[in-house]
Amino acid sequence: PFSAHAVTLGSMHDVARLSWAESGPRLAVEFLAKLGIAVVVERHLSRTHIDGAAFLLPGGQAVVALTLRHDRLDNFWYSIMHELAHLSLHLRDSSTTFLDDLDSGDDGKRVELQADELAREALIPSDEWRQSAASRLRSPAAAIQLAEKLQINPAIVAGRVRFEHSNYRLLGHLVGAGQVRRHFV
């Protein structure tokens, strides 16, 4: 059974640390199942820009759905955290569904800003980010150093660097392109 109280910043940190393992995406799905959260992974839905969704079924079962529109580790980990943030912060019954296009920006919607903030904090705590060389430098070494310190996949740090600098050509070799779908075929 699912309880929104099971999705805490601490449990989200636990999920993020699973990224350290080669089989991290599968381990995350297994871990979330133990919290009563079903994770559904679908191929990209053509002509849509949906990265993920979060909702509760009428019986209270929690569902996180991911499309793998971008087959990259950085996107997988951020998408799953964003949807978990919705489960934690915003979903209390089956009357609400969140469908997220994480490339479009949040359009200033408070719930999306809150989910983004919690997802970022769960992946890389803000104090760790501010103190790290990765927050200032755009180097692979800085990204890897922070990833090792936090015991998370370097793709997560590389994705954060790209986002913070609004430059999605940075650290392309670290974001884990083509490394997610293979876990779910």
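Anything mentioned here points back to the structure above.
Residues numbered from 1 in each chain as written. Predicted model: local features only at pLDDT ≥ 70, side-chain atom pairs only at ≥ 80, totals over all residues. Heavy atoms only, no water.

Draft legend 1. Focus on the overall build of the chain. A count of helices and strands for the chain gives seven helices and four strands. Along the chain, helices (α) and strands (β) appear in the sequence α-α-β-β-β-α-β-α-α-α-α when read from the amino end. Its C-alpha atoms give the chain a radius of gyration of 15 Å, within 12% of the compact-globule value 16 Å for 185 residues. Along the longest, intermediate and shortest principal axes, the C-alpha atoms of the chain span 45 × 35 × 35 Å. In the chain, buried positions account for 48% of the 185 residues. Accessible surface for the chain amounts to roughly 9,300 Å². Of this, 52% is attributable to carbon and sulfur atoms. (Helix = DSSP H or I, 4+ residues; strand = E, 2+ residues; numbered from the N terminus. Rg over C-alpha atoms; globule rule 2.2 N^0.38 Å. Buried < 20%, exposed > 50% of the residue type's maximum accessible area, 1.4 Å probe, protein only. Areas by Shrake-Rupley, 256 points an atom, 1.4 Å probe, with all protein chains shown as cover.)

Draft legend 2. Here's a closer look at the pattern of salt bridges. Under the defined criterion, the tally for this structure stands at seven salt bridges. We note a salt bridge from Arg-182 to Glu-22, for which the minimum N-O separation is 2.6 Å. In this pair, Arg-182 is assigned in the segment after α7 (154-164) and Glu-22 in the loop between α1 (9-17) and α2 (24-34), connecting sequence segments 160 residues apart. Owing to a relative accessible area of 58%, Glu-22 belongs among the exposed residues under this scheme. Here Arg-72 ties to Asp-74 by a salt bridge, and the two come within 2.7 Å at their closest N and O atoms. Assessed through its relative accessible area of 10%, Asp-74 is described here as buried. (Salt bridge = Lys/Arg side-chain N within 4 Å of Asp/Glu carboxyl O.)

Draft legend 3. Expanded view of the environment of Leu-99. Within the secondary structure, Leu-99 is located in strand β4 (residues 97-100). With 15 residues separating them in the primary sequence, Leu-99 and Gln-114 have C-alpha atoms 15 Å apart. When residues no more than four places from it in sequence are discounted, the contact partners of Leu-99 are Gly-52 and Ala-53. (Contact = heavy atoms within 4.5 Å.)

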